[in-house]
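Residue-level structure breakdown
Spelled out, the chains give:
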Amino acid sequence: MWSWIQLQRVLLVIMCVGWGTIMQAAEIHVRPTGDDDNPGSLEKPLASVAGAQCVARTLTAQGPVTVWLHEGVYYLPDTIRFTAEDSGCTYAAAPGETAVLSGGSKLDVKWQPYRDGIMQAPVPPGITIDQLFINGRLQRMARYPNYTEGVQPFGGAAADALSPERVAKWADPTGGYIHSLQRHRWGGLHYRINGKNDKGELTYEGGWQNNRPTPINPKQRYVENIFEELDAPGEWYHNAKTNMLYYYPTPDVDLSTARVEVDRQRHLFEFNRTNARSVSQVALCGLIFRHAARTFMETREPLLRSDWTIYRGGAVLFNGAEDCTLEDCEFDQLGGNAVFVSGGNRRITIRGCDFHDTGASAVAFVGDTRSVRSPRFQYSQTFKYSEIDKTPGPQSDDYPADCLVEDCLIRGVGTVEKQAAGVQISMSMGVTVSHCSIYDTSRAGININEGTFGGHVIEFCDVFDTVLETGDHGSFNSWGRDRYWHLGEAPEEELPALAKLDMVRPNVIRNSRWRCDHGWDVDLDDGSSNYEIYNNVFLHGGLKLREGFHRKVYNNIAVNCTFHPHVWYANSDDEVKHNIWMGAYRSTLMQTPTWGKDVDENLFTTNEADRAKYAENGCDAHSLVGDPMFVDPVQGDFRVKEGSPALKLGFVNFPMDQFGVRSQRLRALARTPELPVLDASVEQPEKNVAITRWRGATLRVLRGAEFSAVGVAADATGLLVPEVDKASPAEKAGLRRGDFIQRVNGQEVRDVKMFLAEVGKVPAGKTITLTLIRDQQPQELVIPNP
């Protein structure tokens, strides 16, 4: 008798390939103990996936082919590359059996004691080991500081990881790695150690993994693959010169019987267009993917003006496919991206899959920059209005479109690379992410990289425990640094239309539950435009809208949180209506007297002062204050009861039991977010800070989330310039509203007192040099001291 899990697997295979296909398709059987000289029958199976592919290609002209992979581990000596010749083939785990596809190899080693509990074993010459697996579990390279579960970032970081004293202890650190957060915590940086120079200092290369690079973080960093740091259970080191593998076993490991595996391949499967012919109707069903190599040193291609660089690959790479499917697969402890959909692909479906402990992103859709009109590749790169191509939309079809990620469990994202996401979308159109549970991520759960080209739908997702190792981000994050953004000499009245040049179809975020304890639940950052956001529950960080156009926000519920408008355009055309907010809006550098097209008819659960706080900005004249009368907030049912004032304002209840994965198999594995206890006093008063007036400008330290609008780290010090009087000496000297002053004549200023002390030292007739951040870029401003 089959178990329920086995029966589910059979049913899912039928769903994947279709019952009619199973009944009509030619069948090929594969078993690791088979022989590639066999015919591939059930009684005489083949031995390898590559052998099955050769036989399947001889049969596809006659109709569909199903390759059944029977119980066992299939170590792939080379990447399996599908072309148009493979169209119509399905590769599936045999019903009730477990088929593992490995990009690695199994080592037959003989362990001997080395010292201090460390074991050693010779390995074949020429082998490269970047990941070691003992009994299926990934072990850790020898590192400093040692890994501690639950410590963020990196499982432990240390300022002295690169201290001269520690480096001096390393006889030969060549081949080691430095891992660091970007200094503002906007992702990570990685470096390969090349050795030491004549002074005994480390030499290294790297740092290109972030499109807004900084030097190595002085505190948030660690080193690995250093022999002298092999000092903790679970750590290992491979000396490629002596062909010796060292391992410090954990107490539960019996090395006499342990299975030892290492990674080899970066890609296990590729779907490649050849001679203008796409791969079509190929399905992978019920398979487990393991042992794909790390790729962080190859993560260097900039994604337009976003914060990302990427490695264009993954354990499964789609590079010119149509109507292909991944169904009911498991992606287990992969070193880089799990699934990467690159360039011109259409109707790729990823359904019912379990992604866990992924080194980079779980699923990435990334088009080719050839599809983008007037592209730019660095945050600081800009165009003038007269220079851009003003034709809407893409200029080629080299981008993913009409793809689906459905009913997938994604957890443990960015275990190596910190600029990673559960689902990453860039230069794509019409990607739907539906009924996914995403949590335990280093950065965003879902990231939309820019406005090229829209039409994405995020629905019925459950996204929480995100931004665990980085900062200034959200469970959902987007940027919109498109053609219109920071466009020089652009007529202001044309900006709303220009914002739709790349974002040709609106993105929709609906019917989802979000929680981010280290940022915003949903963060529409720089320039994000043309969004419709409704029927969402925000559990902690609320909703942030930075400058952009054409955002419609309605029928959302913010639990113990609220709405965060940042630096809007005067003609943004934004609408924020029929929402439930628990607290006054947390505005930052809002320079327009009237906010958006219509911010009104919302329910505030706190008090009248919160509702009326921004009345002078045209907000909430018809909004109400009152108890929303939630049905059962303790159990996460935030529907409102009959008689709720929210209903009078136009709020409409939406289901609270449809977030996240749907299949029984994945629901049994998935977690759900911690639900907040309702807090009527959630709105925290702003801290009292010293404010000074200097030459017609107001100066003070940062409050709340203003660091994000300024573009600095959360712990950055300096003085914000929230106001500059017209025709004042400060304005004439070049100081602008929104500037963030960090130094005076090279001296750090952390507060008003320090600023006044430093400028007071400058003699009359001399100049004052202010080092500041403007438009998220460092600048220097030289001001005369009359």
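Look above for the structure.
Here the structure is a predicted model, which means the values were calculated and not measured.

Tallying secondary structure elements over the protein chain gives 11 helices and 69 strands in all. Relative to the 2.2 N^0.38 estimate, which gives 28 Å for 786 residues, the radius of gyration of the protein chain is 28 Å and therefore close to what a compact globule would have. Dimensions of the protein chain along its principal axes, counting C-alpha atoms only, are 90 × 70 × 55 Å. The buried share among the 786 residues of the protein chain stands at 61%. Restricting to contacts in the protein chain with at least 6 residues of sequence separation, those with at least 24 account for 67%. Here the protein chain displays about 30,400 Å² of accessible surface, and carbon together with sulfur accounts for 49% of that area.

Moving on to the nonpolar core. One broad rule of soluble globular proteins: the nonpolar side chains tend to lie buried together. Within the largest apolar cluster, 88 residues are counted, with the highest numbers of intra-cluster contacts made by Phe-269, Phe-331, Val-339 and Phe-355. Discounting residues that sit within four places of it in the chain, Phe-269 has contacts with Val-49, Leu-76, Thr-79, Ile-80, Phe-82, Leu-101, Leu-284, Phe-289, Ala-315, Val-316 and Leu-317. Formed by 23 residues, the second largest nonpolar core is a distinct cluster that contains Ala-121, Val-123, Leu-132 and Tyr-247.

The next thing to look at is the sheet that holds strand E13 (residues 143-144). If you trace the 5 strands from one edge of the open sheet to the other, you get E13-E17-E14-E15-E16, paired in antiparallel fashion. Both edges of this open sheet fall to E13 and strand E16 (202-206), since each of them pairs with a single strand only. Sheet topology note: the strand E15 (residues 188-196)/E16 ladder contains 5 bridges and is antiparallel. Within E16, the residue paired with Arg-192 across the bridge is Glu-205.

Turning to the sheet that holds strand E20 (residues 260-263), a few remarks are in order. Reading across from one edge, E7-E20-E10-E11 is the order of the 4 strands in this open sheet, with antiparallel pairing throughout. Only two strands of the sheet have a single neighbouring strand rather than two, namely strand E7 (104-107) and strand E11 (137-138). Bridge analysis of strand E10 (residues 132-134) against E11 gives 2 bridges, and the strand direction is antiparallel. If you follow Ile-134 over to E11, its bridge partner there is Arg-137.

A few words on the packing of aromatic side chains. Applying the stated criterion to the full structure yields 35 aromatic pairs. Judged by centre distance (5.2 Å) and plane angle (45°), the ring pair of Phe-227 and Tyr-237 falls under tilted. With Phe-227 in the loop between strand E17 (221-224) and strand E18 (235-239) and Tyr-237 in strand E18, the pair connects residues that are 10 residues apart, well separated along the chain. With a relative accessible area of 9%, Tyr-237 lands in the buried category. With a centroid separation of 4.8 Å and 10° between ring planes, the pair formed by Phe-289 and Phe-331 is classed as stacked. One end of the pair, Phe-289, is in strand E24 (residues 287-290); the other, Phe-331, is in strand E30 (residues 330-332), and 42 residues separate them in sequence. Here Phe-289 matches Phe-331 in class, with each residue buried. Over the aromatic face of Tyr-399 sits the side chain of Arg-346, whose NZ or CZ is 4.7 Å from the ring centroid. Just above the ring of Trp-520 sits the side chain of Lys-544; from NZ or CZ to the centre is 4.3 Å.

Each neighbour pair has its own omega, and for Tyr-144 with Pro-145 the value is -5°, a cis peptide bond. Topologically, Pro-145 is positioned in the loop between E13 and helix H4 (164-168). In this model, Thr-452 is joined to Phe-453 through a cis peptide bond whose omega is 10°. Within the secondary structure, Phe-453 is located in strand E42 (residues 453-454).

With that settled, the discussion passes to the pattern of salt bridges. Scanning all chains against the criterion turns up 51 salt bridges. Between Arg-294 and Asp-130 there is a salt bridge; the shortest N-O distance is 2.7 Å. One end of the pair, Arg-294, is in the loop between E24 and strand E25 (301-302); the other, Asp-130, is in the loop between strand E9 (118-122) and E10, and 164 residues separate them in sequence. With respect to class, Arg-294 is no different from Asp-130; both count as buried. Glu-261 is the partner of Arg-259 in a salt bridge, and the nearest nitrogen-oxygen pair spans 3.2 Å.

Secondary-structure assignment places Asp-462 in strand E44 (residues 462-464). For Asp-462, a relative accessible area of 1% translates into the label buried. Along the primary structure Asp-462 and Thr-358 are separated by 104 residues, whereas in three dimensions their C-alpha atoms are 19 Å apart. Polar contacts involving the side chain of Asp-462 include one to the side chain of Arg-513, which spans 2.7 Å.

Two faces belong to every sheet, and in a regular strand the side chains alternate between them. Within strand E36 (residues 409-413), 5 of the 5 residues are buried, which leaves it mostly tucked inside the rest of the structure. Pairing geometry for strand E33 (residues 354-358) and E36, over 4 bridges, is parallel. Pairing of Phe-355 across the sheet is with Ile-410, part of E36. In the sheet, E36 pairs with strand E40 (residues 437-441) via 4 bridges, with the strands oriented parallel. Looking at E40, one finds that Leu-409 is bridged to Ser-437.

Conventions adopted
- Note on numbering: residues in each chain are counted from 1, in written sequence order.
- It should be noted that, the model being predicted, local features are given only for residues of pLDDT at least 70 and side-chain atom pairs only at 80 or more, the latter also being counted only at that level, while totals for whole chains, interfaces and linings use all residues.
- Only hydrogens and water are removed before side-chain values are computed, so all heavy atoms of the structure are retained for them.
- Think of it this way: any DSSP run of H or I at least four residues long counts as a helix, any run of E at least two long counts as a strand, and we number them from the N terminus.
- Each radius of gyration reported is based on C-alpha atoms, and the globular scaling rule is 2.2 Å times the count of residues to the power 0.38.
- Think of it in three bands: residues with accessible area under 20% of the maximum for their type are buried, residues over 50% are exposed, and the middle band is partly exposed, with areas taken using a 1.4 Å probe on protein chains only.
- Residue contacts are counted whenever heavy atoms from the two residues lie within 4.5 Å of one another.
- All accessibility values rest on the Shrake-Rupley procedure with a 1.4 Å probe; residue burial counts only the protein chains present in the view.
- Here, the term nonpolar core denotes a set of buried Ala, Val, Leu, Ile, Met, Phe, Trp, Tyr and Cys residues that are joined through side-chain atoms within 4.5 Å.
- At least two DSSP bridges between two strands are needed for those strands to be called paired.
- Within 6.5 Å between ring centres, the rings of Phe, Tyr and Trp (the latter by its six-membered ring) count as paired, and their orientation is classed by plane angle as stacked under 30 degrees, edge-to-face over 60, tilted in between.
- We call a charge positioned over a ring when the NZ of a Lys or the CZ of an Arg lies within 6 Å of the ring centre and within 35 degrees of the ring normal.
- Only one rule defines a salt bridge in this text: a Lys or Arg side-chain nitrogen within 4 Å of an Asp or Glu carboxyl oxygen.
- Between N or O atoms, a polar contact is any pair within 3.5 Å; within protein, one atom must be a potential hydrogen donor and the other a potential acceptor, and residues adjacent in sequence are included only when both atoms are from side chains.

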